[in-house]
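The chain contents come next:
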Amino acid sequence: MSTSDGPLYLGLDLSTQQLKAIVVDSDLKTVAQAKVEFDDDFGARYGIRKGVHVRDAAGEVVAPVAMWLEALDLVLARLRATAPSPDMMARIRAIGGAGQQHGSVFWNTRAEACLAALDAARPLVDQLPAALAHEWSPNWQDQSTQAECDAFDAALGGRQSLAEVTGSGAHHRFTGPQIMRLRRILPDMYASTARISLVSSWLASVLRGALAPLDVSDVCGMNLWDMAAQRYSDELLALAAGGRDGAEELRAKLGEPIMDGGASLGALSPYFVARYGFSRECQVVPFTGDNPATILALPLRPLDAIVSLGTSTTFLMNTPTYRPDGSYHFFNHPTTAGHYMFMLCYKNGGLAREKVRDEMPRDDGNTENQQKQQPGSEWDAFNRAVLDTPPLDMAEPGARAKMGLYFCLRETVPNIRAGTWRFTCNPDGSALAPAANPWPRATDARIITESQALSMRLRARNLVHPPRDSLPAQPRRIYLVGGGTLNPAIARVLGDVLGGADGVYRLDVGGSACALGGAYKALWASERAPGQTFDDLVAARWSEEGAVERVGDGFRPDTYRAYGRVLGAFEEMEQRLLADEKNA
């Protein structure tokens, strides 16, 4: 069958600031793309900024669910309008996708009836708000659940014990603590809730026209799932629900997750068939979280790592080893039973880098550099500062190394309040002390980029091993995805700090790695042979040409060792700040 008339697969990604759609064929080639920018398309109507409402007094960060309904209609209309052939929508055999992790949507008792009776002549936003018990979805940046996180960490005997059971310590954004808080502050809303979806399963529900189950991987981002037993934890359900009597009620509200990431949830809702020209046979497969979807965007080999440089920054690895710790995350792999997704997630990723960039002086006094600068490039001064500053700003032998933390939001790893801290230490990591004197703003560009990478190296060190004889433990390859991939300075520093024996690469999917992972998952669900794994199918059809670009050399022995010598001091810096906050 030629690619001009063969089956197609649609992937969607509902992120904080956008809804993206991407269509691929059976050879993994991109056929069409479309997107909706929430601020540009809906900002005035919903009063959002960067996709959300921030309520500083309560530490809440939320998104209006109605906006997502409008975005789904709009992105599909744009996709159909830009289709390369009139039959493209009808050729889509299956739909997969991703949603921002940890967000929750609360349905009322009318949900099933509203989903089943969608009228194709009317937009979704005119029909489905009536099915919601709560008009807002908590966003991953939410910081309102500290008391609930403390309770979760204590429930099983400490943070490490919680991580051993659920794959993570308690985090503000995780759905279990969020449910616990909303049940407390909005008891009537909680009582009227018939079903709780994650953002991923909510989007799948709308497309399916029926409530969809949670995904095998996304369910792990709740602090409610027992990883060893592969079921909900009775103790943690009871904690979130306010007691043993409410545990079974909460279990019913959540529903049992689907454990086969390639199963079909059923045919697409007739609403989308009539309104956009999809086939009646088009199937919906389980949607997963945005981070699990990212690791599906290419066939990862052992020791390969993905660094996602978006609004947040994440570090991802596929591993068969389960070594939980309270400072990072383990989730079930979204397609491969018995494997796990190791994840570090930082709130202060792109937002913190942008803050440092915006505080830098634009004029460095160098006319020659200014003439070389491309007009309109807001990152030029930042990039130049990073590349012109030596590692740890140790320009001379024996100079003290500079390190810092730059948090415009309360961070999760480590759990430290918003603020900026600057430290120095000897090149061997000894004599750590707060910086005696302020350093130039331009130096912050190098130090923030290094500090984000040092945190990743610190927390991944027990999961990596030497990729070849004579090399220290490090990732084999580092793949970069997300908006920050276009920044060459960040790529250079990540390679300097993390290594990457075979180099640093940019995965060029137009910033649509999550949507692409969802499309590949839909393809695998539809075309897999009996027993064929996702990785095997994708690897057999994958071509790096045009999709992967080498952007950094990665491992440089002397530089890598220099960062290794201060890694203990970096950890000590974090521990001091944690202790100071605890004692404050």
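Just so we're clear, the structure is a prediction, and the values are computed from it rather than from any experiment.

Asks: Tell me about the pairing of strand β6 (residues 92-99), residues and numbers included.
Replies: Of all eight residues that make up β6, seven are buried, and the element is covered over most of its length. Both strand β1 (residues 8-14) and β6 contribute to a ladder of seven bridges, which runs parallel. Bridge assignment links Leu-14 to a residue of β6, and that residue is Gly-99. As paired elements, β6 and strand β13 (residues 283-284) share two bridges and run parallel to each other. Considered in β13, the bridge of Ala-94 is made with Gln-283.

Asks: How would you summarise the packing of aromatic side chains if you had to cite specific residues and measurements?
Replies: Under the definition given, this model contains 17 aromatic pairs. Each ring, one from Phe-42 and one from Tyr-46, has its centre 6.2 Å from the other, and the planes form 85°; the classification is edge-to-face. Linking Phe-42 with Tyr-46, this pair stays in helix α1 (residues 38-46), spanning four residues, or about one helical turn. Each residue in the set Phe-315, Tyr-322, Tyr-328, Phe-330, Tyr-340 and Phe-342 is aromatic and connected to the rest through ring pairs, giving one cluster. Here Arg-457 stacks its cationic end above the ring of Tyr-560, 3.7 Å away from the centre of that ring. If you follow Arg-528 out to its NZ or CZ, it ends over the ring of Trp-524, 4.4 Å from the centre.

Asks: A description of helix α21 (residues 557-583) should follow, citing residues and the corresponding values.
Replies: Here α21 spans 40 Å end to end across 27 residues, near enough to the 39 Å set by a 1.5 Å rise per residue. Among all positions in α21, only Thr-559, Tyr-560, Ala-562, Tyr-563, Val-566, Leu-567, Ala-569, Phe-570, Met-573, Glu-574, Leu-577 and Glu-581 are buried. Buried positions along α21 lie against β19 (401-407), β20 (419-425), α17 (441-460) and α18 (488-498).

Asks: Could you give an account of the packing of helix α7 (residues 175-185) against helix α10 (residues 234-241), with specific residues and numbers?
Replies: Two elements in contact, α7 and α10, have axes whose closest approach is 8 Å; the angle formed by their N-to-C orientations is 35°. Within the contact between the two elements, α7 uses Gly-176, Met-180 and Arg-183 and α10 uses Leu-239, Ala-240 and Ala-241. Residue composition of the contact of α7 with α10, by class: four nonpolar, one polar and one charged.

Asks: Can you break down the sheet that holds strand β4 (residues 53-55) residue by residue, with the values?
Replies: Each strand in a sheet pairs with its neighbour through backbone hydrogen bonds, running either in the same direction (parallel) or in the opposite one (antiparallel). Reading across from one edge, β4-β5-β8 is the order of the three strands in this open sheet, with antiparallel pairing throughout. At either margin of the open sheet sits one strand with a lone partner, and together these are β4 and β8 (136-138). Direction aside, the axes of adjacent strands within the sheet are offset by 35° on average. Relative to β8, strand β5 (residues 60-64) runs antiparallel, the two being bridged by three bridges. The residue bridging Val-62 from the neighbouring strand is Pro-138, located in β8. Against the sheet, helix α2 (residues 65-81) engages β5 and β8, with an angle of about 40° to β5.

Asks: How would you summarise the UniProt feature "domain: Carbohydrate kinase FGGY N-terminal" (unreviewed entry) in the protein chain if you had to cite specific residues and measurements?
Replies: According to UniProt, the feature "domain: Carbohydrate kinase FGGY N-terminal" (unreviewed entry) maps to residues 140-296 in the numbering used here. Annotated as 48% helix and 9% strand, the span residues 140-296 places its first and last C-alpha atoms 21 Å apart.

Asks: Tell me about the pattern of salt bridges, residues and numbers included.
Replies: This model, assessed by the stated rule, comprises 38 salt bridges. Linking Arg-159 and Asp-153 is a salt bridge whose minimum nitrogen-to-oxygen distance equals 2.8 Å. Taken together, the shared-partner salt bridges in this structure form one network comprising Arg-446, Glu-450, Arg-492, Asp-496 and Arg-556.

Reading the values: the criteria
Residues numbered from 1 in each chain as written. Predicted model: local features only at pLDDT ≥ 70, side-chain atom pairs only at ≥ 80, totals over all residues. Heavy atoms only, no water. Buried < 20%, exposed > 50% of the residue type's maximum accessible area, 1.4 Å probe, protein only. Helix = DSSP H or I, 4+ residues; strand = E, 2+ residues; numbered from the N terminus. Pairing = 2+ DSSP bridges. Phe/Tyr/Trp six-rings, centres within 6.5 Å; stacked < 30°, edge-to-face > 60°. Lys NZ or Arg CZ within 6 Å of the ring centre and 35° of its normal. Expected span 1.5 Å × (residues − 1). Contact = heavy atoms within 4.5 Å. Axes fitted to C-alpha atoms, helices over the stretch in contact; angles between N-to-C directions. Nonpolar A, V, L, I, M, F, W, Y, C, P; charged D, E, K, R; others polar. UniProt positions renumbered as here; feature names shortened; annotations may be inferred. Salt bridge = Lys/Arg side-chain N within 4 Å of Asp/Glu carboxyl O.

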